[in-house]
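Structural characterization, general
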Amino acid sequence: MTVTAESLYEKLRHYKVGSPLCEFNREYCERLLPYVRRIEELKREKNAIVLAHNYIAPEILYSVADVTGDSYGLSKKARESSADVIVFIAVRFMVETAKILNPGKTVLDPNPDGGCTLADSINAGIVRNLRKEYPDHTFVCYINTTAEVKAECDVCVTSSNVYKIVESIENDKIYFLPDKLMAQNVLAYLKEKNIDKTLDYYDGTCYVHEEYEPESIDFIRQNNEGVEILVHPECTPPVVGKADYVGSTTGMLEHVRHSQNNSFFLLTECGLTGILQTEFPDKKFVGTCTMCRYMKSNSLPEIVSTLENPRPENIIEIAPDVRERALACVERMFHYAEK
Ligand code: 13P
Ligand code: SF4
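A short tour of the structure in this document, coming up. (Residues numbered from 1 in each chain as written. Chains lettered and ligands numbered in written order. Predicted model: local features only at pLDDT ≥ 70, side-chain atom pairs only at ≥ 80, totals over all residues. Heavy atoms only, no water.)

Our focus in this paragraph is the pattern of salt bridges. Taken as a whole and judged by the stated rule, the model has 21 salt bridges. Taking the shortest distance from any N to any O, the salt bridge between Arg38 and Glu308 comes out at 2.8 Å. Taken together, the positions of Arg38 in helix α3 (residues 26-46) and Glu308 in helix α15 (residues 300-308) put the pair 270 residues apart, joining distant regions of the chain. One salt bridge connects Asp154 with Arg131, and the closest N-O pair in it is separated by 2.9 Å. A residue pair is termed long-range when its members are at least 10 positions apart, and Asp154 in the loop between α8 (147-151) and β6 (155-157) and Arg131 in helix α7 (residues 124-133) qualify at 23 residues. Look at Arg131 and you get partly exposed, because its relative accessible area is 25%. (Salt bridge = Lys/Arg side-chain N within 4 Å of Asp/Glu carboxyl O. Helix = DSSP H or I, 4+ residues; strand = E, 2+ residues; numbered from the N terminus. Buried < 20%, exposed > 50% of the residue type's maximum accessible area, 1.4 Å probe, protein only.)

Written as structure tokens, this is what we have:
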């Protein structure tokens, strides 16, 4: 479908969460159109595909993205894509994962400073030392890690498959990194299912999700009869313990799509609530808004310049030995997730 200022405005006018990002008007959409047109042209010229995470700025998501999704879905798409060039609009670790899966393709990151407090909390040297300390453990890393960290680990997981994969791993001694809150949530899950595994973990957190408090859920429930509480597994165990649904960003989106309920409270980055409000205008979203500054530092002009003339930091390069070991770790995720 061809994007016009009118169609873009139709999408964005319903977007309400987080005012600096969200005061869209028709004139603003007109100003964005030259960038959108240029990106469309460059995509055709270079046989490029644009993958975009659910949290990114809505004016990008609704204009130039070919595929949107959570980190698992986007990795799968990157793995299957026949495009010559992958432009990944998200944060660095997701773009790197696309390159791990596609060594022969050009993988571009228009947001090279797009960090993540989880990915930035640990490095390969720390993992090597931990492996000496925990020699009998299977090392499970969250996808929110660098390629170098993945290369030191055994199995990668995402928020959409973490419970299933940890449960399926044959070894009953697991070391989970870097998200300590996700690890604690997995521990609670194992305990509830009477699965006897030792799970040690690292000390990282997501600065967005660690902030939510269970008291806000009580308050929202009291004031919104029948509201469903949807929570990302990067939140604290007391918050996860009060949820009606726990899952990845796409998991939450699909849950809303199929739910008979009409009112929802999401404890995750505000971009997702924005998409849901836009996609399901007849449903009610009780909102907090917590923004991930890294996801929101992507922009249409940067995508244009990255496709036209990428700087070295826009082009993902991974040393072959690191890539091969990281690939084994990521491929084990697909093996367990799809079994
Ligand atoms: P999802 O894989 O659920 O999209 O999560 C990625 C992320 O970074 C959440 O903060
Ligand atoms: Fe990382 Fe948290 Fe941002 Fe997700 S929301 S990219 S985990 S800092």
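Bringing the sheet that holds strand β8 (residues 198-201) into the picture now. Taken in spatial order, the four strands line up as β6-β5-β7-β8 in an open sheet, and their pairing is parallel. If you trace the sheet from one side to the other, it starts and ends with β6 and β8, each paired once. Averaged over all adjacent pairs, the angle separating strand axes in this sheet is 30 degrees, with direction ignored. Strand direction decides the pairing type here: strand β7 (residues 173-177) and β8, joined by four bridges, are parallel. Along β8, the bridge assignment pairs Tyr175 with Asp200. Packing of helix α10 (residues 180-192) onto the sheet brings it into contact with β5 (138-142), β7 and β8, and relative to β8 it is tilted by some 170 degrees. (Pairing = 2+ DSSP bridges. Axes fitted to C-alpha atoms, helices over the stretch in contact; angles between N-to-C directions. Contact = heavy atoms within 4.5 Å.)

What follows covers the site of ligand 2. By nearness alone, every residue bordering ligand 2 is listed as Tyr55, Cys116, Thr117, Leu118, Asn144, Cys206, Tyr207, Val208, Glu234, Cys292 and Tyr294. Residues that form the shell around ligand 2 fall into these classes: eight nonpolar, two polar and one charged. (Near = heavy atom within 4 Å. Nonpolar A, V, L, I, M, F, W, Y, C, P; charged D, E, K, R; others polar.)

In this section: the environment of Thr145. For Thr145, the position within the fold is in the loop between β5 and α8. Distance from Thr145 to Met94, taken between C-alpha atoms, is 8.7 Å for residues 51 residues apart in sequence.

Counting 119 residues, the largest nonpolar core has Val87, Phe88, Phe176, Leu177, Leu267 and Ile303 as its most contacted members. If one sorts the elements of this core by residue count, helix α16 (residues 320-337) sits on top with eight residues. Beyond its immediate sequence surroundings of up to four residues, Ile303 is in contact with Ile39, Ile60, Val64, Val87, Ile89 and Pro110. (Core = buried A, V, L, I, M, F, W, Y, C linked by side-chain atoms within 4.5 Å.)

In the vicinity of ligand 1, the residues found are His53, Tyr55, Asp70, Ser71, Met94, Asn144, Ser159, His209, His232, Glu234, Ser248 and Thr249. With respect to ligand 1, the side chain of Glu234 contributes an N or O atom lying 2.9 Å from an oxygen atom. Look at ligand 1: alone it shows 310 Å² of surface, and the protein chains cover 96% of it. Considering only residue class, the shell around ligand 1 consists of two nonpolar, eight polar and two charged. (Polar contact = N/O pair within 3.5 Å; in protein donor to acceptor, adjacent residues only side chain to side chain. Areas by Shrake-Rupley, 256 points an atom, 1.4 Å probe, with all protein chains shown as cover.)

Looking now at unusual backbone geometry. Residue Pro178 follows Leu177 across a cis peptide bond; omega there is -5 degrees. Position of Pro178 among the secondary structure elements: in the loop between β7 and α10. With phi around 50 degrees, Asn47 is a residue other than glycine that occupies positive phi space. Taking relative accessible area as the criterion, Asn47 reaches 36% and is therefore assigned partly exposed. Residues other than glycine seldom take positive phi values, yet Asn194 does so here, at roughly 55 degrees.

In this section: the sheet that holds strand β3 (residues 85-89). Each strand in a sheet pairs with its neighbour through backbone hydrogen bonds, running either in the same direction (parallel) or in the opposite one (antiparallel). Read across the sheet, four strands follow the order β2-β1-β3-β4 without closing on themselves; strand pairing throughout is parallel. For this open sheet the edge positions go to β2 (67-69) and β4 (106-108), each flanked by a neighbour on one side alone. Taking each pair of neighbouring strands and ignoring which way they run, the sheet shows an average axis angle of 20 degrees. As paired strands, strand β1 (residues 48-53) and β3 are joined by five bridges and run parallel to one another. The partner of Ala48 across the bridge, within β3, is Val85. The strands touched by helix α6 (residues 92-101) within the sheet are β1, β3 and β4, with β4 carrying the most contacts at an inclination of about 175 degrees.

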